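Here is what each chain is made of, one letter per residue.
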Amino acid sequence: MAIVVEVQDNLEKALKMLKKKMQLDGLQRELKNRRFYEKPSVKRRRKAQEAERRRRKASRRRRGR
């Protein structure tokens, strides 16, 4: 995996862009989840909850149009 950030002069700005890209990719959340072992049953439950959350969010977006 590679995240490309162009650095011209401002290192702080490049770091901020990198953090933003990592957040949008979901990399920070993935690293946080992999920090400790997660039992398969807990993993299935979490994935089902995330899918339900995405489904609700998508239905809210469709309803708003």
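Check the entry above for the structure.
Throughout what follows, the structure given in this document is the object of discussion. Residue positions within a chain follow its written sequence, with the count starting from 1. Restriction of local features to residues with pLDDT of at least 70 applies here, the model being predicted, together with a cutoff of 80 or more for giving and counting side-chain atom pairs; totals for whole chains, interfaces and linings are based on all residues. Based on all heavy atoms of the structure, the side-chain values leave hydrogens and waters out of the count.

A few points about the overall build of the chain
Here is step 1: On a plain count of helices and strands, the chain comes out with three helices and zero strands.
Here is step 2: Reading the helices (α) and strands (β) of the chain from amino to carboxyl end gives α-α-α.
Here is step 3: Relative to its length of 65 residues, the chain is extended, with a C-alpha radius of gyration of 17 Å against a globular reference of 11 Å.
Here is step 4: Overall size of the chain, expressed as C-alpha extent along the three principal axes, is 45 × 40 × 15 Å.
Here is step 5: The proportion of buried residues among the 65 residues of the chain is 9%.
Here is step 6: Asp and Glu are treated as the negative residues and Lys and Arg as the positive ones, with His and the ends of the chain left uncounted. Note that the charge is assigned to NZ on lysines, CZ on arginines, CG on aspartates and CD on glutamates. Across the chain, the centroid of the 25 positively charged side chains sits 11 Å from that of the 8 negatively charged ones. A run of H or I in DSSP counts as a helix once it spans at least four residues, and a run of E counts as a strand once it spans at least two, with each numbered from the N terminus. C-alpha atoms define the radius of gyration, and 2.2 Å times the number of residues to the power 0.38 defines the globule rule. We call a residue buried when its accessible area falls under 20% of the maximum for its residue type, exposed when it is over 50%, and partly exposed in between, using a 1.4 Å probe and counting protein chains only.

So, the layout of surface pockets
Here is step 1: By volume, the largest pocket is sized at about 340 Å³.
Here is step 2: The method works on a 1 Å grid over the protein atoms by themselves. A cavity is a set of points holding a 1.4 Å probe that cannot get out, a pocket is an open set with protein on both sides within 12 Å along at least five of seven lines, and residues with an atom within 4 Å of a point line them. Lining the largest pocket are 14 residues, and of these Glu30, Asn33, Arg46, Lys47 and Glu50 sit closest to its centre.
Here is step 3: Elements represented by at least two residues in the lining of the largest pocket include exactly helix H2 (27-33) and helix H3 (40-63).
Here is step 4: Sorting elements by how many residues they give to the lining of the largest pocket places H3 first, with seven residues.
Here is step 5: Put simply, Ala, Val, Leu, Ile, Met, Phe, Trp, Tyr, Cys and Pro go in the nonpolar bin, Asp, Glu, Lys and Arg in the charged bin, and everything else, Gly too, in the polar bin. Looking at side-chain class alone, the lining of the largest pocket contains two nonpolar, one polar and 11 charged residues. Grid points are joined across faces, edges and corners, and a volume is the space filled by probe spheres set on the points.

Structural notes on the pattern of salt bridges
Here is step 1: Put simply, a salt bridge is a Lys or Arg side-chain nitrogen that is within 4 Å of an Asp or Glu carboxyl oxygen. Throughout the structure, instances matching the rule amount to five salt bridges.
Here is step 2: Between Glu38 and Arg46 there is a salt bridge, with the nearest N and O atoms lying 2.9 Å from each other.
Here is step 3: Among the ionic contacts, a cluster of salt bridges with common partners joins Glu38, Arg46 and Glu50.

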